[in-house]
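# Structural features, examined
In case you want the letters, here they are:
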Amino acid sequence: GDPIALYHGGFSAHRGLEELAAAILEPGLERVHAVYLGYGTMRGWLDREATEPRYGGRLHVLDAVPPAELGPWVASADVGVMAIQASTLNHRLSTPNKLFECLAAGVPVVASDFPEMRRIVLGDPDGPLGEVCDPSSPSDLARAIGSIVSLPPDALADLRARCLRAAHERWNWETESARLVALYADLTGTEPAP
């Protein structure tokens, strides 16, 4: 019954792993569990942190699952967290797979307040798909997580439905590939194939 803030993906530097761990210690998130699902060079650090008494058993580290099994794991979360740090231009301009995996599972997101992620999360025509935050600030990350997990059940259900709708109508391969083919046709001066 406690809210789950899920990070899934590579356990590596600049992905906001430390900031998520610090965020669940902030006032207002005393019931939130941070779940890390993945693999990578920071696994040892995460395993050690999970044993620290200050988290009260609310920091969990799980092995990666095969891609075909990922959907139900993501769908079981209350919020997907991607507090990617502004360490590179690639990070600042990224739209990570985990963003679209969360939306496809109907899971609201908390993402770094970078231009492309902001456009997707806050600029959806049906309304926000989550929150954006300053990824370097555990307190701002906590604010964003808290604003989602504290929603009344009907508002949270509406947000989850909005995420699913956005994935089905806009953020999917069929829609995006048509835009890509149209761009190639425009660049080459040819008609797109049917």
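Relevant structure appears above.
The structure reproduced in this document is the subject of the present report. (Residues numbered from 1 in each chain as written. Predicted model: local features only at pLDDT ≥ 70, side-chain atom pairs only at ≥ 80, totals over all residues. Heavy atoms only, no water.)

## What to know about the state of the cysteines
Among covalent bonds in proteins, the disulfide is the one between the sulfur atoms of two cysteines. To keep things clear, this is the line we draw: Any pair of cysteine sulfurs within 2.5 Å is marked as a disulfide.
For the structure on display, the rule yields zero disulfides. The cysteine cysteine 133 is free of any disulfide, with cysteine 102 supplying the nearest cysteine sulfur at 13 Å. Cysteine 163 takes part in no disulfide bond, and the closest cysteine sulfur, belonging to cysteine 102, lies 8.6 Å away.

## Here we look at the side chain of serine 94
What counts here: In this description a helix means any DSSP run of H or I spanning at least four residues, a strand means any run of E spanning at least two, and both kinds are numbered starting from the N terminus. Remark: exposure states derive from per-residue accessible area (1.4 Å probe, protein chains only) relative to the maximum for the residue type, with buried under 20%, exposed over 50%, and partly exposed in between. Whenever two N or O atoms come within 3.5 Å, that pair is a polar contact, provided that in protein one can donate a hydrogen and the other can accept it, and provided that, for residues adjacent in sequence, both atoms are side-chain atoms.
Following the sequence through the fold, serine 94 ends up in the loop between helix H4 (89-93) and helix H5 (97-104). Look at serine 94 and you get buried, because its relative accessible area is 15%. A polar contact is formed between the side chain of serine 94 and the backbone oxygen of histidine 91, at a distance of 2.9 Å.

## A closer look at the pairing of strand S6 (residues 130-133)
Our working rule: Strands are treated as partners if at least two bridges between them are detected by DSSP.
Pairing of strand S5 (residues 109-112) with S6 involves four bridges; the strand directions are parallel. Considered in S6, the bridge of serine 112 is made with cysteine 133.

## Focus: the sheet that holds strand S2 (residues 33-39)
Formally: Axis angles are defined between N-to-C directions and span 0 to 180 degrees, where every axis is a line fitted to C-alpha atoms and, for a helix, only to the segment in contact. Contacts: residue pairs with any heavy atoms within 4.5 Å of one another.
What the six strands build is an open sheet, ordered S3-S2-S1-S4-S5-S6; its pairing is parallel. Each edge of the open sheet is held by one strand with a lone partner, namely strand S3 (59-63) and S6. Between one strand axis and the next, the sheet turns through 25° on average, direction left out of account. Here three bridges tie strand S4 (residues 79-82) to S5, and the two strands are oriented parallel to one another. Residue pairing across strands places valine 81 opposite valine 110, the latter belonging to S5. Taken strand by strand, helix H6 (residues 115-122) contacts S4, S5 and S6, and its axis lies near 155° from that of S6.

## Here's the deal with the pairing of S2
Walk down a regular strand and you will see the side chains alternate between the two sheet faces. The cut-off we apply is this: A crossover counts as right-handed when, viewed with the strands pointing away from the observer, the path leading from the first strand over the helix to the second turns clockwise.
Counting buried residues along S2, six of its seven residues qualify, which places the element largely inside the surrounding structure. Of the pairings in the sheet, the one linking strand S1 (residues 4-10) to S2 comprises seven bridges and is parallel in character. If you follow histidine 8 over to S2, its bridge partner there is leucine 37. Traced from S1 through helix H1 (residues 17-23) to S2, the parallel crossover comes out right-handed. A crossover links S2 with its parallel partner S3, the connecting element being helix H2 (residues 43-50), and its sense is right-handed.

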